[in-house]
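An overview of the molecular structure
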Amino acid sequence: MITPEQFQEIGETLLPLLDGLTEWIARDMIERFMIRFGHGEEKLLTGTDEWQAWVLEQAGGNLDEIQKALAKSTGKSQPEIAKIFKDSGIQAAKADAEAAAVTFSGLSPGMMAIITDAYERTVGEISNITRTTAGATNQAFIDICDAAYWKVRTGAQSYTAAMLEGIKELGQVQPIVRYPSGHKDTLEVAVLRCIRTGVAQSSGNMTIQQCKDMGWNHVLVSQHLGARVSDTDPIADHAGWQGKVYCIAGKDAQFDNLLDATGYPENPLGLCGYNCRHSFTPFLPGVSQNHNKPIDTEANRRAYELSQTQRAMERRIRAQKRKCTALHTAVKSCEDTAGKAKLQEKYAQSAKRLQDQNAAYTKFCDDNDLKPYHERLAVAGWDRSAASTASASVREQKRVDKMIADFNAEHVAKDPAELLPKYEYAHGVKEKLLNYSLNMKEGASGRDKAVVFQAALGYNANNYELLMQEIMAGIGRYKASGKTTTEHGEKFTVRMLVKGANGRYVPIRTGWIIAPEDRTPRMTTAFVDR
């Protein structure tokens, strides 16, 4: 017999290998995606024939690399799977010997034959289920690239929005296994389920063989708090049949039949089936004793529901770490200033969400007296350096948020009377920006201001429209101050916080005049306010 705790640990030594494969595939696809999307909209939008040629070229390389990575991963995993089966077989045989009150003297040839058969069938099944993985993953890459490209080309989405959506989807792509039924699983889920089921069946077959060798016809099924529950299927309701004694063949007045009650060995939803953590040991009525105490039904249901919630939280944290890793890969690969700024902003938001999820997980475990399984939160590529980078991003975002809040508390108008008069009719912004504040030409009177705008906010004559939008929005929000009256008209200053093309928030100062003959504000200056 193998304990529920031992079942939970089975296969987890393979997690780093499987997770490393998943992380590599996502990173490789994002880097390929950013070759085209990371240089701005102008370089993205080429002829359709050129685009299709590029996608097919990248997809071909992507498929080759995925197939190589899968082959390498599968090769590395086989020795570890063999060790898992042998170690589990020894554990099960020792427990069965103890239950039968006999001395364990090692695995007999018959036992080894059972373990070897289960191992070979499991490796063969893993080989079969991974055959569709490379093709399905590669097709996802093609579909995501095409969708992003055509959204930009047709105007359905902006360049930046399509790029962000594509990166998000690529970051969520995991190696997929497609079954003949149409059901899909991630490679990690499929492989671990396959190994755990194979070990469970191997253990069960060994116990049945030992019972036959001793002439026994009964087994005792293990039990644990938080067993699976089902209100519709008695076989899938593990809580209903756990902890009891059953007849292997037939049934008697005291004990039910093992197959009829638990589904073993035919029903994959029952004992020793998919993700089942139960096992069983030889039992001799009148000699052996069942020390299992009844588990309260409601207590078991609550434990089961808590365990499902905890697993769901762990999956979300792992997925969020992958999202952070994907965004960070994209940030490093992006050479377009505006795109890089947006990616950095999304990365900071994603890192903050991860921080919140980790805190919620810790609180949930504390509140419900559950053991936190930090090893289940680990993903490949998320090491101390990655965690430190994410934490630094969150701290920087908090600093920026505080700076924005403090600035706005002082400068945002609380009454419409504090705004620039007739701000909605403001004009002269484009001319002042192009001819003065963003004019980088040698000898231009505003060149020094243009240099600072470029360095601090990433604005220049090529993207002046973005700064113009920020200014027009700002005069409708921030106070107008420093009113003075001259022979040329009334002058005002509006100090505002603007978001740069590089994603940074920096205060700027704008000057305005309302001439008597005009009666609407015209911009006279704009510069970074240090």
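Look above for the structure.
Bear in mind that the values here come from a model prediction, so they are computed numbers and not experimental data.

**A few points about the nonpolar core**
What tends to happen in soluble globular proteins is that the nonpolar side chains get buried as a cluster. Formed by 69 residues in total, the largest nonpolar core has its most connected members in Phe33, Met34, Ile167 and Leu343. If we skip the residues at most four places from it in the chain, Leu343 touches Met34, Met163, Leu164, Ile167, Leu327, Ala330, Val331 and Cys334. Ala456, Ile471, Ile475 and Phe492 belong to the second-largest nonpolar core, a separate cluster that totals 32 residues.

**Notes on the packing of aromatic side chains**
For the structure on display, the rule yields 4 aromatic pairs. Aromatic side chains Phe85 and Tyr119 sit 6.1 Å apart centroid to centroid with 70° between the ring planes, which places their arrangement in the edge-to-face category. You can see Phe85 sitting in helix H4 (residues 48–99) and its partner Tyr119 sitting in helix H5 (residues 109–129), a full 34 residues away along the chain. The class for Phe85 is buried, based on a relative accessible area of 2%. Pairing Tyr264 with Phe280 gives two aromatic rings, centres 5.0 Å apart and planes at 70°, and the pair type is edge-to-face. One end of the pair, Tyr264, is in the loop between helix H10 (258–262) and strand E6 (280–283); the other, Phe280, is in strand E6, and 16 residues separate them in sequence.

**Here we look at empty space enclosed by the protein**
Scanning the entire structure with this criterion turns up 3 cavities of 30 Å³ or more. The space that makes up the largest cavity amounts to roughly 140 Å³. Looking at the largest cavity, it is lined by 15 residues, and the ones nearest its centre are Thr22, Glu23, Ala26, Arg322 and Thr325. Elements supplying a minimum of two residues to the lining of the largest cavity: helix H2 (15–37) and helix H11 (297–333). The greatest single-element share of the lining of the largest cavity, amounting to 6 residues, is contributed by H2. The residue makeup of the lining of the largest cavity, split by class, is 6 nonpolar, 4 polar and 5 charged.

**Some thoughts on helix H8 (residues 187–214)**
Across its 28 residues, H8 extends 41 Å between first and last C-alpha, which sits within 8% of the 40 Å expected from 1.5 Å per residue. Within H8, 21 of the 28 residues are buried, leaving the element largely enclosed by the surrounding structure. At the exit of H8 stands Gly215, carrying a positive phi of roughly 80°.

**Description of a positive patch on the surface**
Judged by side-chain charge, Lys168, Arg315, Arg316, Lys323, Lys346 and Arg353 come together as a positively charged surface patch. Looking at the positive patch, the elements with two or more residues in it are H11 and helix H12 (337–367). Per element, the largest residue contribution to the positive patch is 3 residues, and it comes from H11. Within the secondary structure layout, Lys168 lies in helix H7 (residues 159–172).

What counts and how
For every chain, the first residue of its written sequence is number 1, and the numbers climb from 1 along that sequence. Side-chain atom pairs in this predicted model are given and counted only at pLDDT of 80 or more, local residue features only at pLDDT of at least 70, and totals for whole chains, interfaces and linings cover all residues. For side-chain calculations, the full set of non-hydrogen atoms in the structure is used, while hydrogens and water are omitted. Note on terminology: a nonpolar core comprises buried Ala, Val, Leu, Ile, Met, Phe, Trp, Tyr and Cys residues joined through side-chain atoms within 4.5 Å. Exposure categories follow from relative accessible area, calculated using a 1.4 Å probe and restricted to protein chains: below 20% of the type maximum is buried, above 50% is exposed, and the middle band is partly exposed. Note on definitions: a residue-residue contact is assigned when non-hydrogen atoms from the two residues lie within 4.5 Å. Here a Phe, Tyr or Trp ring, Trp counted by its six-membered ring, pairs with any other such ring whose centre lies within 6.5 Å, and the pair is stacked when the planes are under 30 degrees apart, edge-to-face when over 60, and tilted otherwise. Helix and strand assignments come from DSSP, with helices taken as H or I runs of at least 4 residues and strands as E runs of at least 2, each series counted from the N terminus. In this analysis the probe radius is 1.4 Å and the grid spacing 1 Å, with only protein atoms considered; a cavity is a set of points the probe fits into but cannot get out of, a pocket is an open set with protein on both sides within 12 Å along at least five of seven lines, and lining residues have an atom within 4 Å of a point. Grid points are joined across faces, edges and corners, and a volume is the space filled by probe spheres set on the points. For this scheme, ten residues count as nonpolar: Ala, Val, Leu, Ile, Met, Phe, Trp, Tyr, Cys and Pro. Four count as charged, namely Asp, Glu, Lys and Arg, and the remainder, Gly too, count as polar. Take the residue count of a helix, subtract one, and multiply by 1.5 Å to get its expected span. Residues enter a patch when their relative accessible area is above 30% and they make no salt bridge; the linking distance is 9 Å between like charges and 5 Å between nonpolar side chains (Val, Leu, Ile, Met, Phe, Trp, Tyr). Using the Shrake-Rupley algorithm and a 1.4 Å probe, accessible areas are obtained, with residue cover drawn only from the displayed protein chains. By definition, a salt bridge exists where a carboxyl oxygen of Asp or Glu is found within 4 Å of a side-chain nitrogen of Lys or Arg. Neither His nor the chain ends is counted toward charge; the positive residues are Lys and Arg and the negative residues Asp and Glu. Throughout, a charge is located at the NZ atom of Lys, the CZ atom of Arg, the CG atom of Asp or the CD atom of Glu.

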